[in-house]
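# Observations on the three-dimensional arrangement
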Amino acid sequence: MADTDTQNARAATKGHEDYEAELRAANETVYKHSLELARLKQALEVANAQQENLLHFISHEIKGYLTKGQDAFAGIAEGDYGEVSAQVKELAAGALGEMRKGVATVMDILDASNLKNGTVMFKKETFDFKTAVLDVVSQQKPAADEKQLGIQLNLGNGVYTMVGDQEKLREHVIRNLIDNAIKYTPSGSIVIELSDGDNKIHFSVKDSGLGITDEDKPRLFTEGGHGKDSIKVNVHSTGYGLFIAKQVVEAHGGKIWAESEGQGKGSRFTVELPLSF
Amino acid sequence: MTAFDTIAEKIILEQELVIGPLAWSEAMKVSGMQVAADHTVTIQNGDPKAAVDRLVAQYERLFGRASHEVCREAVATLVKSMAPADVPTSLR
């Protein structure tokens, strides 16, 4: 009986030791895999940083060349280099427009990179959001008219004086949303609404355009996040516009979101901004 | 912060990259080593070299030889500038 007990005890100890050894081996294996992953992650971070730096450098250089070209064409179009024929003037004006688009594209990439790195300074100035919306609408109206799109303004008589970076909100948020609505609406109308409440500004742009599929929704506000078919409509899209808009809105303590019932059913983009941040 | 505090902290930080927060909880179990809530590491009275050795052993006991190598690599530059006699045995 005593012998059997001893044998059982030895077997239990042996089983326990085996189990411990197995566990230790499993731990080591998991550790080695984690180590491999950690090293890959580090290498990826370095590669990403290098790529980011290169992208920043190239964008900066291209922006410089485009700006010089832009100035030259503006000079020709405006007669700074003497009188030129109407044909040359027209060519220069066309080239100037293209240069401006080029600068805007490069600026989008640079801005996105800077926002991601947290190297963007936001001004805190008091301005009227409603005036900014009206300014942008009047600037964008010719593009809407060209496509025979109606723009309906529902701007409530509220308090729209806010503190924030006027230029960034105007260019990256208001202009971007209206510009997108015009670009992605082949026909129909655009409704721009503004209201206030709870110390917040509620701004929305609704269109009867292409709409957003469920598949596209998750990548809408991501870096370089094109909608599946958006590139077919707007070949010049960088995919950074909504990403930048989100960064700017969130830097002001606000929220931005999109709603759509699906493809071909239009979409509505809403921005909620606190009056001060 | 002493050179040994720095060595211990670097080792824990490197282990954290691989095993996450477990690196800190394991370091807290090492006798002679105090890990504050803000993750400041202080080696208390006693032999600091032995405390570092115990830290390395703590990881090795759980995760094997590979974790020992990670500790050694983490502080390779620091150790180079030390007199050989001052280097904890586990890191030689």
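Every residue gets a number counted from 1 within its own chain, in the order that chain's sequence is written. Chains carry letters from A onward and ligands carry numbers from 1 onward, assigned in written order. At least 70 in pLDDT is required for a residue's local features to be given in this predicted model, at least 80 for side-chain atom pairs to be given and counted, and no such filter applies to totals for whole chains, interfaces and linings, which use all residues. Side-chain numbers come from the whole structure's heavy atoms, not from hydrogens or water.

## Quick notes on the overall build of chain B
Operational definition: Only runs of H or I of at least four residues qualify as helices and only runs of E of at least two qualify as strands under DSSP, and these elements are numbered from the N terminus. To sort residues, take the accessible area from a 1.4 Å probe on protein chains only and compare it with the maximum for the residue type: under 20% means buried, over 50% means exposed, and anything in between is partly exposed. Any two residues whose heavy atoms approach within 4.5 Å at even a single point are treated as in contact. In short, Shrake-Rupley with a 1.4 Å probe defines the accessible areas, and a residue's cover is counted only from the protein chains shown.
Across its full length, chain B holds five helices and two strands. Reading chain B from its N end, one meets helices and strands in the order α-α-β-β-α-α-α. Evaluated residue by residue, chain B yields a buried proportion of 45% over its 92 residues. Long-range pairs, those at least 24 residues apart, make up 57% of the contacts in chain B between residues at least 6 apart in sequence. Total accessible area on chain B stands at roughly 4600 Å², and carbon and sulfur atoms take up 56% of it.

## A few points about the interface of chain A and chain B
Test applied: Simply put, the buried area is the total loss of 1.4 Å probe accessible area from both parts when two parts are fitted together. Put simply, a salt bridge is a Lys or Arg side-chain nitrogen that is within 4 Å of an Asp or Glu carboxyl oxygen. Whenever two N or O atoms come within 3.5 Å, that pair is a polar contact, provided that in protein one can donate a hydrogen and the other can accept it, and provided that, for residues adjacent in sequence, both atoms are side-chain atoms. Polar here means any residue outside two lists: the nonpolar Ala, Val, Leu, Ile, Met, Phe, Trp, Tyr, Cys and Pro, and the charged Asp, Glu, Lys and Arg; Gly therefore counts as polar.
Between chain A and chain B, the residue contacts involve 10 residues of the former and 14 residues of the latter. Summed over both partners, the interface of chain A with chain B comes to about 920 Å²; 61% of that surface belongs to carbon and sulfur atoms. Here chain A is connected to chain B by one salt bridge. Residue arginine 39 of chain A is joined to glutamate 73 of chain B by a salt bridge in which the shortest nitrogen-to-oxygen separation is 2.7 Å. Run the count over chain A and chain B and you get three residue pairs in polar contact (both at pLDDT 80 or more). The residue inventory of the side of chain A that touches chain B, partitioned by class, reads three nonpolar, three polar and four charged.

## Some words on the sheet that holds strand β6 (residues 255-259) of chain A
Residues and elements named next belong to chain A. Rules: Pairing between two strands requires that DSSP report at least two bridges joining them. Note on geometry: axes are lines fitted to C-alpha atoms, helical ones only across the stretch in contact, with angles between N-to-C directions running from 0 to 180 degrees.
Reading across the sheet, the five strands line up as β2-β4-β5-β7-β6 and stay open at both edges, with mixed pairing between neighbours. Edge positions in the open sheet fall to β2 (150-155) and β6, since each of these has one partner strand only. In this sheet, adjacent strand axes meet at a mean angle of 10 degrees when their direction is disregarded. Examined bridge by bridge, β2 and strand β4 (residues 189-197) share six bridges and lie parallel to one another. In the strand pairing of β4, isoleucine 151 is matched with isoleucine 190. Running at roughly 25 degrees to strand β5 (residues 200-207), helix α4 (residues 166-183) makes contact with β4, β5, β6 and β7 (267-274) of the sheet.

## With respect to the confidence of the model for chain B
For the record, the criterion: What pLDDT reports is the predictor's confidence in each residue, on a scale of 0 through 100.
Summary statistics for chain B give a mean pLDDT of 94 and a share of 100% for residues scoring 70 or more. Across the interface, the model reports ipTM at 0.85; the global pTM reads 0.62.

## So, the pairing of β5 of chain A
All names here are of chain A. Here β4 pairs with β5 via eight bridges, running antiparallel. Across the sheet, glutamate 193 pairs through a bridge with serine 204, a residue of β5. Hairpin remark: β4 followed by β5, antiparallel, with two residues in the connecting loop; positive phi at aspartate 198, about 55 degrees. Taken together, the eight bridges between β5 and β7 define a ladder with antiparallel strand orientation. Residue lysine 200 lies in a different strand from β7, and its bridge partner there is proline 274.

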